[in-house]
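Chains, contacts and geometry: an overview
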There are 2 protein chains.
Amino acid sequence: MRVFSFYEKASRAFHDYPSLSKLIVIFTVSSGGLVAYSDSKSYHNVGSSQTDFKKKRVVVLGTGWAAMSFLKNLDSSKYDVQVVSPRNYFAFTPLLPSVTCGTVEARSVVEPIRNIIGGEARFWEAECTQIDAPNKKVHCRTIQQVGSGGKEEFVVDYDYLVIALGARSNTFNTPGVEENCHFLKEVEDAQRIRRSVIDCFEKATLPNLSEEERKKNLHFVVVGGGPTGVEFAAELHDFVTEDLVKLYPKAKDLVKITLLEAGGSILNMFDKRITTFAVEKFSRDGINVKTGSMVVKVTDSAISTKEMKSGEISSIPYGMVVWSTGIGTRPVIMEFMKQIGQNKRRVLATDEWLRVEGCRDVYALGDCATINQRKVMEDIGVIFDKADKDKSGTLTVQEVQALIEDIIIRYPQVELYMKNRNMKNVVSLLMDSQGDDKKSLEMNIEELKSALSLVDSLMKNLPATAQVASQQGAYLADCYNRMEKCEENPEGPLRFRGEGRHRFRPFQYKHLGQFAPLGGEQTAAQLPGDWVSIGHSSQWLWYSVYASKQVSWRTRVLVVSDWMRRFIFGRDSSRI
Amino acid sequence: MRVFSFYEKASRAFHDYPSLSKLIVIFTVSSGGLVAYSDSKSYHNVGSSQTDFKKKRVVVLGTGWAAMSFLKNLDSSKYDVQVVSPRNYFAFTPLLPSVTCGTVEARSVVEPIRNIIGGEARFWEAECTQIDAPNKKVHCRTIQQVGSGGKEEFVVDYDYLVIALGARSNTFNTPGVEENCHFLKEVEDAQRIRRSVIDCFEKATLPNLSEEERKKNLHFVVVGGGPTGVEFAAELHDFVTEDLVKLYPKAKDLVKITLLEAGGSILNMFDKRITTFAVEKFSRDGINVKTGSMVVKVTDSAISTKEMKSGEISSIPYGMVVWSTGIGTRPVIMEFMKQIGQNKRRVLATDEWLRVEGCRDVYALGDCATINQRKVMEDIGVIFDKADKDKSGTLTVQEVQALIEDIIIRYPQVELYMKNRNMKNVVSLLMDSQGDDKKSLEMNIEELKSALSLVDSLMKNLPATAQVASQQGAYLADCYNRMEKCEENPEGPLRFRGEGRHRFRPFQYKHLGQFAPLGGEQTAAQLPGDWVSIGHSSQWLWYSVYASKQVSWRTRVLVVSDWMRRFIFGRDSSRI
């Protein structure tokens, strides 16, 4: 990650938006203060459109977090880049729950992908229908009719393919979900939810309705107690109590929000203190949280749940359901997995360098793939052989120590295990399985196996979050940028099942914390280490982090001014 | 119209948006200046929902300019008001062309109707399917499914009905228009056009397209040279040249905008100087203006026109067509006209007091109705009789002068005629048809007829503009507010065909001028009198007038901040 000084940032802003310099000149001159001026040229180079055959062709599928981060960090002068996606914009998805209630406008959280990739790269507004890895081709279909011949199909050739297609919402094949529920993955979903909330209020205030019917229309159900579901429930509660009750005074006492979670608690990836706080806050707000309650069917007017403990099935009438339970694999990825022999897996697997297993020059990152971390136990034999330099059949502490850095880089679970057990160094790790008495250590392969036997149990898949996708994109771009350099001077760990070193270090995720806005300007934040912050201060932290993480100066200013608009005028309830 | 001082305005703003006072307190305290504080209570009274049977029930159909202006000015404590409309918001339609290109956001030009009518009035989100004047009932149908029974129908009773349903786009039955063209009447239309413009650019930059196909996709056709069509063409040109060419560099030289007008000139309701300027400006900008060219057919890929002079028919391929030629009567109004015996008319007729001809207690205003101004010649006999006080069979100048004020109020065409001919007073009018020699005038009915014979020729229907609708709404609300008072003390002109006076003065339109934004910050303004203003200064005038005319503080701030956003960041091209 590059760090910019204020001046660099400002000058980049001038390049992106030439009129900003005009404006700033006006402002600063009139205030008699510092005059900043940047002789702005257009940032979007009208680059040569001829394909440069010396450059390798990189095709990127998708315009979500992973793709955007990859494209933003890639040195596009080194590659001939083409991007294929049905959406010609990147959306800052963590703010989607805010878009559903108009706290932030849809247009403030999107940025045209062409602004991100610049004039050199090419973008095709189409969806990928088939990946043909053996022939290095991608089959695409436009999302709109072109001419009178309907949707057009075309093929794009690649040297390297970067799959960042994201995932689809997972209904777990629950009957009626697809037809009757709202999802919350795309900007359009958020806009639809917003209209639907207003619809429910308009319906509930029509004449000639029974009290029962009014209550039904104002019963909002959120399925899934993860951060998205929780945040949506909180946003909806604020929208209703802060804005809608003024316009629909009769609806006030009829509104009910229910949050259903099949597991034992909401926000289960967060610290327990946060979960407890959230449950108490929701209970004070009148949001009905039901855990251990699994949705088994949704009709057009009622939702049926099964209590996990009692097995009891009940049905509740609703006005609107938002389904936010988890993610599933897209059909085009499933097809691709069959092609490359991954048909037994549930998710597309890559190695630790984000390379798809089973084919060449194809990379996958973000929600559409999982890193298949190599187990220590699978390689214990080759590790032993590499370490045993004198071929004595036993390892000394010195021999293990000489390799430990490479082992930790290649198998990060080893370090995690040592941290978890408060082990200071490799000696403690090796000693652990032996008796205390063996001070001068010499171990055979069985003893090494026994020492490392529990290490692999700590391996966990990375969560399907924007943070992971974004770090993967930046990592992969960095690899691409230094491809030639690292070919000559490999900087990765030792190859245990081969000669020499790996070109790059494997991808490693750094968890920077997570937010869960709980409504009423209360936000819970879980930060690296054991730091948990709850309350107003976290809300400001959330505001500032989210404002700073916006993809461009434009979205940054827009999001902040949306917050100010909301603060002053409340949210709009027009049905558009 | 009420005039507010700054303090009154500010205090109203505090009432509308309680948090504004918080904010201003913070700002002013921190600047050490004047501290303004308003102890804000909620502006939206949660009024008694019980129908007060002493109050007359006023039902308003529509939430456009006429309805909004009526509702805003009506003293809602005097009536039991119900509003029926499929749109729960008012839209500031003159900015719709700006919304099509993202100069202003859709949400900035709308205001929830419930904010306008306050808590006392009731709003039903439904469309009116039938007006039953004999039984004083309105039949309505919800626009959404309610419960599992589909759309619901209900009936609303009224004592007074105010029809402000607006008009629909008129296709003049041209084949293919309904299916293939965009209209520009509703907020949704503007949003759809915005997506469609981006679609055309995305399509034109797809791989494997011929130059011909790219050009076709980037050919934008606007049908209708009125203010809306002209403004949209100008907005589109700015969007393309200022923003889109940066993102779609290859599209730059392929874009073509064509403006088709069947009549002899564009902007034909404006001064000739403005028309000439607009044509020259468009020609410099490369916008292709074709007058005397009537559209005869639209298919999904080409538009056929007929040259009015030569009769030649030609067909041009297009990417997108926006149809903006005129307005037609809505089906529900046509049904209603049959019912009340107006089936021979093209538009619903009202008298000068906006009362629908042929039924009682029904008023109509805005684009859905026309005032059927009574002709002087129809009433010439009764006018003569009223004026001839001494029943001498001839009128003296004194006798005419005694009545002239009432005549002018009842028949405004008389005043218009006198102004047009530069006549100072009624003597000149009566003298005009006589010889100059007759100084002491005494005229019989034939001579009076001859003097007034040309007066009715000056009668013109009012244009279908927001300005007319808005003035009619305010006028009608004023009549409703003073209904009882004016029953006792009529303030209208003498009834010529009856006894006494009319309760109210008839509606009179005051033309306050008209703007035609021509792109590139050039705006033509035609103001009262003969004042024509063209150029940058008019653009600022336009900005300030349009900003000040916004319906609420919220929309005012939003529109102005949208303009600033556009100035700094350009328009967004994400396809949402």
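Just so you know, these numbers come straight off a predicted model, no measurement behind them. (Residues numbered from 1 in each chain as written. Chains lettered and ligands numbered in written order. Predicted model: local features only at pLDDT ≥ 70, side-chain atom pairs only at ≥ 80, totals over all residues. Heavy atoms only, no water.)

**Examining the overall build of chain A**
This is how it is decided: Every helix listed is a DSSP run of H or I at least four residues long, and every strand listed is a run of E at least two residues long, numbered separately from the N terminus. For every residue, the accessible area (1.4 Å probe, protein chains only) is compared with the maximum for its type, and the residue is labelled buried under 20%, exposed over 50%, or partly exposed between those bounds. Contact between two residues is taken to exist if any of their heavy atoms lie within 4.5 Å; hydrogens are not considered. Per-residue accessibility takes into account occlusion by the displayed protein chains alone, with areas from the Shrake-Rupley method and a 1.4 Å probe.
In terms of helices and strands, chain A carries 20 helices and 25 strands. Counting across all 576 residues of chain A, residues that qualify as buried make up 54%. Taking the intrachain contacts of chain A between residues at least 6 apart in sequence as the baseline, contacts between residues at least 24 apart amount to 62%. When the accessible surface of chain A is summed, it comes to about 26,400 Å², and 50% of that surface belongs to carbon and sulfur atoms.

**Examining the relation of the copies chain A and chain B**
Stated formally: The superposition of copies rests on a least-squares fit of C-alpha positions from residues with pLDDT of 70 or more in both.
Mapping chain A onto chain B leaves a residual RMSD of 0.1 Å; the transformation is a rotation of 180° accompanied by 0.0 Å of translation along its axis. Read as a symmetry element, the transformation amounts to a two-fold axis. When C-alpha distances to the rotation axis are compared across chain A, the minimum falls at Ser561 of chain A, with a value of 4.4 Å. Most of the interface of chain A is mirrored in chain B, where 100% of its interface residues are also at the interface.

**With respect to the domain arrangement of chain A**
Note the following rule: Boundaries between domains were set according to an automatic or database domain assignment.
With domains assigned, chain A is organised as domain 1 (1-35), domain 2 (44-167 + 329-373 + 463-510), domain 3 (177-327) and domain 4 (377-458). Spacing between the C-alpha centres of domain 3 of chain A and domain 4 of chain A amounts to 51 Å.

**Points about the pattern of salt bridges**
Residues and elements named next belong to chain A. Selection rule: Any carboxyl oxygen of Asp or Glu that lies within 4 Å of a side-chain nitrogen of Lys or Arg is treated as forming a salt bridge with it.
This structure, assessed with the given rule, holds 50 salt bridges over all chains. One salt bridge connects Glu186 with Arg87, and the closest N-O pair in it is separated by 2.7 Å. One end of the pair, Glu186, is in the loop between helix 6 (177-180) and helix 7 (187-204); the other, Arg87, is in the loop between strand 2 (79-85) and strand 3 (89-91), and 99 residues separate them in sequence. Here Arg87 falls in the buried class, since its relative accessible area comes to 18%. Glu307 serves as the salt-bridge partner of Lys290, at 3.7 Å between the closest nitrogen and oxygen. Here Lys290, found in strand 12 (residues 288-291), pairs with Glu307, found in strand 14 (residues 302-307); they are 17 residues apart in sequence, far enough to count as distant.

**Considering the side chain of Asp406 of chain A**
Residues and elements named next belong to chain A. Under the convention used in this document: N or O atoms within 3.5 Å of each other form a polar contact, as long as, within protein, one can give a hydrogen and the other can take it, and as long as residues adjacent in sequence are counted only when both atoms are side-chain atoms.
By the element assignment, Asp406 lies in helix 13 (residues 397-410). Its relative accessible area of 9% is what places Asp406 among the buried residues. Side-chain polar atoms of Asp406 contact the side chain of Arg501, separated by 3.0 Å. Not counting residues up to four positions away in its chain, the partners in contact with Asp406 are Pro493, Leu494, Phe496 and Arg501.

**Thoughts on the interface of chain A and chain B**
Where we set the bar: Buried area is understood as the total, over both parts, of accessible area removed when two parts are fitted together, assessed with a 1.4 Å probe.
With 67 residues of chain A in contact, the opposing surface of chain B contributes 67 residues. Of the roughly 6,300 Å² buried between chain A and chain B, counting both surfaces, carbon and sulfur atoms make up 60%. It is Arg107, Phe569 and Ile576 of chain A in chain A that bury the most area against chain B; as a group they hold 13% of the surface buried on that side. For the pair chain A and chain B, the interface holds 4 salt bridges.

**Some words on the packing of helix 19 (residues 536-549) of chain A against helix 20 (residues 553-569) of chain A**
All names here are of chain A. Put simply, the test is: Axis lines are fitted through C-alpha atoms, for helices just across the contact stretch, and the angle between N-to-C directions can take any value from 0 to 180 degrees. The handedness criterion is simple: a crossing whose near helix is rotated anticlockwise from the far helix by less than a right angle is left-handed, and one whose near helix is rotated clockwise is right-handed.
It is the contact of helix 19 with helix 20, at a shortest axis distance of 8 Å, that shows an interaxial angle of 145°. Considering how the two elements wind past one another, helix 19 and helix 20 form a crossing that is right-handed. Where helix 19 abuts helix 20, its residues Trp542, Tyr543, Tyr546, Ala547 and Ser548 lie against Arg556, Val560, Trp563 and Arg566.

**A closer look at the pairing of strand 13 (residues 293-298) of chain B**
Residues and elements named next belong to chain B. Applied cut-off: For two strands to count as paired, DSSP must find a minimum of two bridges between them.
Bridging between strand 13 and strand 14 (residues 302-307) involves 5 bridges; their strand directions are antiparallel. Across the sheet, the residue bridging to Ser293 is Glu307, located in strand 14. Once strand 13 ends, the chain turns through 3 residues before running back antiparallel as strand 14.

**Describing the environment of Val99 of chain A**
Residue and element names in this part refer to chain A. With respect to the element layout, Val99 can be found in helix 4 (residues 96-100). We classify Val99 as buried; its relative accessible area is 2%. Residues Val99 and Val221, spaced 122 residues apart in sequence, show a C-alpha to C-alpha distance of 18 Å.

**Section: the sheet that holds strand 12 (residues 287-291) of chain B**
Residues and elements named next belong to chain B. Ordered by their spatial adjacency, 4 strands build an open sheet running 12-11-10-16, and the pairing between neighbours is parallel. This sheet does not close on itself; its edge strands, each paired only once, are strand 12 and strand 16 (320-323). Strand after strand, the sheet turns through a mean of 15° between neighbouring axes, direction not considered. In the sheet, strand 10 (residues 219-223) pairs with strand 11 (residues 256-261) via 5 bridges, with the strands oriented parallel. In the strand pairing of strand 11, Phe220 is matched with Ile257.

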